[in-house]
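Spelled out, the chains give:
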Amino acid sequence: MEIVIHYFGTGAYASGIGFKEIEGDLDLFLCGARGAESRHSEFPRTFGDLQLEAIVRKHDQRVAQTNGLGEKLVISIDDPQLWSPENPVLYELELHVNDDVVQSYFGLREVGKLKDADGHWRFTLNGEPIFHWGPLDQGWWPDGLYTAPTDEALRYDIEITKALGFNMARKHVKIEPQRWYYWCDRLGLLVWHCLLYT
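**Student:** A description of the overall build of the protein should follow, citing residues and the corresponding values.
**Tutor:** Scanning the protein from terminus to terminus reveals 2 helices and 15 strands. Taken over 198 residues, the protein has a buried fraction of 38%. A separation of at least 24 residues holds for 54% of the contacts in the protein among residues at least 6 apart in sequence. Surface accessibility of the protein: about 11,700 Å² in total, with carbon and sulfur atoms responsible for 52%.

Spelled out as structure tokens, the structure:
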């Protein structure tokens, strides 16, 4: 699988990963703030001045590496492992941009649909039918209303959801702190999110 890494912004503090599946290739756009850490130094004025290096690891083992100039890199991962609730495999990404370093993670998965034997549409994950089974989660905490008391409480929320046999949560009414989504990624919980309107 080839992964295309695009880097854009005004500094190396750009830090998240968005996903877009295109014919077996994965485009990663670094520009948000999801689960990443970085150092910032003097930044070039044009993308042509960028010296990029990307390192991908799985379980602390390097699985891919590439470098180049500009704002785009292509990196290949041989025999990629796909993320699922039963096997939440995540890859670590380290992106060097000149003297800056951005660290984050990503999972690889394919989400789709197919018709069953009776002609009904079914969700698929990585090419296999999956029944999305989970609670409507409003993120309520008795001692903090909509604020979890600790990071451990956020993790426990995901762990107990999975222990009860669920593979997803439908998040309702609020957007959770980034750490909640981090634990969903790490522990293997699909997320449905209701759009919030202002």
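Here the narrative resumes.
**Student:** Kindly report on helix 2 (residues 178-187), identifying the contributing residues and their values.
**Tutor:** The periodicity of an α-helix, 3.6 residues per turn, causes residues three or four places apart in sequence to face the same way. Those residues of helix 2 not exposed but buried are Trp180, Tyr181, Tyr182, Trp183, Cys184 and Asp185. On its buried face, helix 2 is in contact with strand 9 (100-106), strand 13 (136-137), helix 1 (151-163), strand 14 (168-171) and strand 15 (190-193). Two residues or fewer after helix 2 comes Gly188, characterised by a positive phi angle close to 90°.

**Student:** Give a description of the pattern of salt bridges that names residues and reports values.
**Tutor:** For the structure shown, the criterion picks out 8 salt bridges. The shortest N-O distance in the salt bridge between Glu159 and Arg155 comes to 2.7 Å. Residue Glu159 and its partner Arg155 are located together in helix 1, separated by 4 residues, close to a single helical turn. Across the salt bridge formed by Glu176 and Lys174, the nearest N and O atoms sit 3.1 Å from each other. Each member of the pair Glu176 and Lys174 is classed as buried. Here the salt bridges share partners, and the residues they tie into one network are Asp137, Lys171, Lys174 and Glu176.

**Student:** Please give an account of the side chain of Lys171 that cites residues and values.
**Tutor:** Structurally, Lys171 can be placed in strand 14. A relative accessible area of 0% means that Lys171 is categorised as buried. Within the structure, the side chain of Lys171 is placed 3.1 Å from the side chain of Asp137, a separation counted as a polar contact. Contact partners of Lys171, with chain neighbours within four places excluded, come to Asp137, Gln138, Gly139, Glu176, Trp180, Trp192, His193 and Cys194.

**Student:** Explain the environment of Glu152 to me, and be specific about the residues and the numbers.
**Tutor:** Following the sequence through the fold, Glu152 ends up in helix 1. In sequence terms Glu152 and Trp183 are 31 residues apart; their C-alpha atoms lie 9.9 Å from each other.

**Student:** Describe the sheet that holds strand 12 (residues 128-129), and please don't skip the residues or the numbers.
**Tutor:** With antiparallel pairing, 3 strands are arranged side by side in an open sheet as 10-11-12. Looking at the sheet topology across the chains shown, the edges are occupied by strand 10 (111-115) and strand 12. Looking at chain direction, strand 10 and strand 11 (residues 121-125) are connected through 5 bridges and run antiparallel. If you follow Val111 over to strand 11, its bridge partner there is Leu125.

Criteria and cut-off values
- Residues numbered from 1 in each chain as written.
- Predicted model: local features only at pLDDT ≥ 70, side-chain atom pairs only at ≥ 80, totals over all residues.
- Heavy atoms only, no water.
- Helix = DSSP H or I, 4+ residues; strand = E, 2+ residues; numbered from the N terminus.
- Buried < 20%, exposed > 50% of the residue type's maximum accessible area, 1.4 Å probe, protein only.
- Contact = heavy atoms within 4.5 Å.
- Areas by Shrake-Rupley, 256 points an atom, 1.4 Å probe, with all protein chains shown as cover.
- Salt bridge = Lys/Arg side-chain N within 4 Å of Asp/Glu carboxyl O.
- Polar contact = N/O pair within 3.5 Å; in protein donor to acceptor, adjacent residues only side chain to side chain.
- Pairing = 2+ DSSP bridges.

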